[in-house]
Amino acid sequence: MATKSIQIRNVPEKVHAVYRVRAAKAGQSLSEYLLAELERGAKRLTNEELFEKLAALPKVDIDAAEAVRGGRAEREKDIDRWLSSTRRRSSKS
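Residues numbered from 1 in each chain as written. Predicted model: local features only at pLDDT ≥ 70, side-chain atom pairs only at ≥ 80, totals over all residues. Heavy atoms only, no water.

Caption draft 1: Focus on the pattern of salt bridges. Under the definition given, this model contains 4 salt bridges. Put simply, Glu37 and Arg40 hold a salt bridge, and the shortest N to O gap is 2.2 Å. Of this pair, Glu37 and Arg40 both sit in helix H2 (residues 30-43), 3 residues apart, which is roughly one turn of that helix. The class for Glu37 is partly exposed, based on a relative accessible area of 26%. (Salt bridge = Lys/Arg side-chain N within 4 Å of Asp/Glu carboxyl O. Helix = DSSP H or I, 4+ residues; strand = E, 2+ residues; numbered from the N terminus. Buried < 20%, exposed > 50% of the residue type's maximum accessible area, 1.4 Å probe, protein only.)

Caption draft 2: Structural detail: a nonpolar patch on the surface. A cluster of nonpolar side chains, Ile6, Ile8, Val11, Val15, Leu35 and Leu38, forms an exposed patch at the surface whose accessible area comes to about 580 Å². Looking at the secondary structure, you find Leu35 in helix H2. (Patch = residues over 30% accessible without salt bridge, like charges linked within 9 Å, V, L, I, M, F, W, Y side chains within 5 Å. Areas by Shrake-Rupley, 256 points an atom, 1.4 Å probe, with all protein chains shown as cover.)

Caption draft 3: The arrangement of the confidence of the model for the protein chain in detail. A residue-level look at the protein chain finds 99% of positions with pLDDT of 70 or above and a mean pLDDT of 93. Here helix H4 (residues 64-92) stands out as the element of the protein chain with the lowest mean pLDDT, 90, in contrast to helix H1 (residues 13-25), whose mean of 98 is the highest. (pLDDT = per-residue confidence, 0-100.)

Caption draft 4: Quick look at H1. The end-to-end C-alpha distance of H1 is 18 Å, a good match for the 18 Å that 13 residues give at a rise of 1.5 Å each. At the exit of H1 stands Gly27, carrying a positive phi of roughly 70 degrees. (Expected span 1.5 Å × (residues − 1).)

Caption draft 5: Structural context of unusual backbone geometry. Even without being a glycine, Asn10 presents a positive backbone phi close to 60 degrees. Counting through the fold element by element, Asn10 comes out in the segment before H1. A residue is classified by how much of its surface remains accessible, and Asn10, at 78% relative accessible area, is exposed.

Caption draft 6: Geometry of the packing of H1 against H2. In contact at an axis separation of 8 Å, H1 and H2 are set at 100 degrees when each is read in the N-to-C sense. Classified by the angle between their axes, H1 and H2 sit roughly perpendicular to one another. Side by side, H1 and H2 meet where His16, Tyr19, Arg20, Arg22 and Ala23 of the first sit next to Leu30, Tyr33, Leu34 and Glu37 of the second. (Axes fitted to C-alpha atoms, helices over the stretch in contact; angles between N-to-C directions. Parallel < 35°, antiparallel > 145°, perpendicular 65-115°, else oblique. Contact = heavy atoms within 4.5 Å.)

Caption draft 7: Highlighting the packing of aromatic side chains. Within this structure, the stated rule accounts for 1 aromatic pair. Ring centres of Tyr19 and Tyr33 lie 6.2 Å apart, and the angle between their planes is 50 degrees; this geometry places the pair in the tilted category. In this pair, Tyr19 is assigned in helix H1 and Tyr33 in helix H2, connecting sequence segments 14 residues apart. Here Arg22 stacks its cationic end above the ring of Tyr19, 5.4 Å away from the centre of that ring. (Phe/Tyr/Trp six-rings, centres within 6.5 Å; stacked < 30°, edge-to-face > 60°. Lys NZ or Arg CZ within 6 Å of the ring centre and 35° of its normal.)

Put into structure tokens, the structure is as follows:
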């Protein structure tokens with residue numbers, strides 16, 4: 001894999017110190033640590049990229065209130081089943 005170099009000038013002393021300490025704690029050179037940070041950052045979408053991907057998704061027409069009611073009904077069924085099983089176990093004791 002071909003690689004390129006990046007040079008960053010005018011890094012504030014405090015910022016440099018923070019990354020130098022983090023690199024040391026990670027057992028890495030400053031260059032290794034910063035490269036890993038850049039690779040992690042490159043994998044994450046920016047907000048703009050995320051919004052573009054979301055905008056490209058097919059539109060879904062849902063009734064939010066109906067979805068909430070359905071979720072509540074499911075939860076109530078789960079609670080009723082749990083209570084029933086708990087009551088059966090305690091009545092056998």
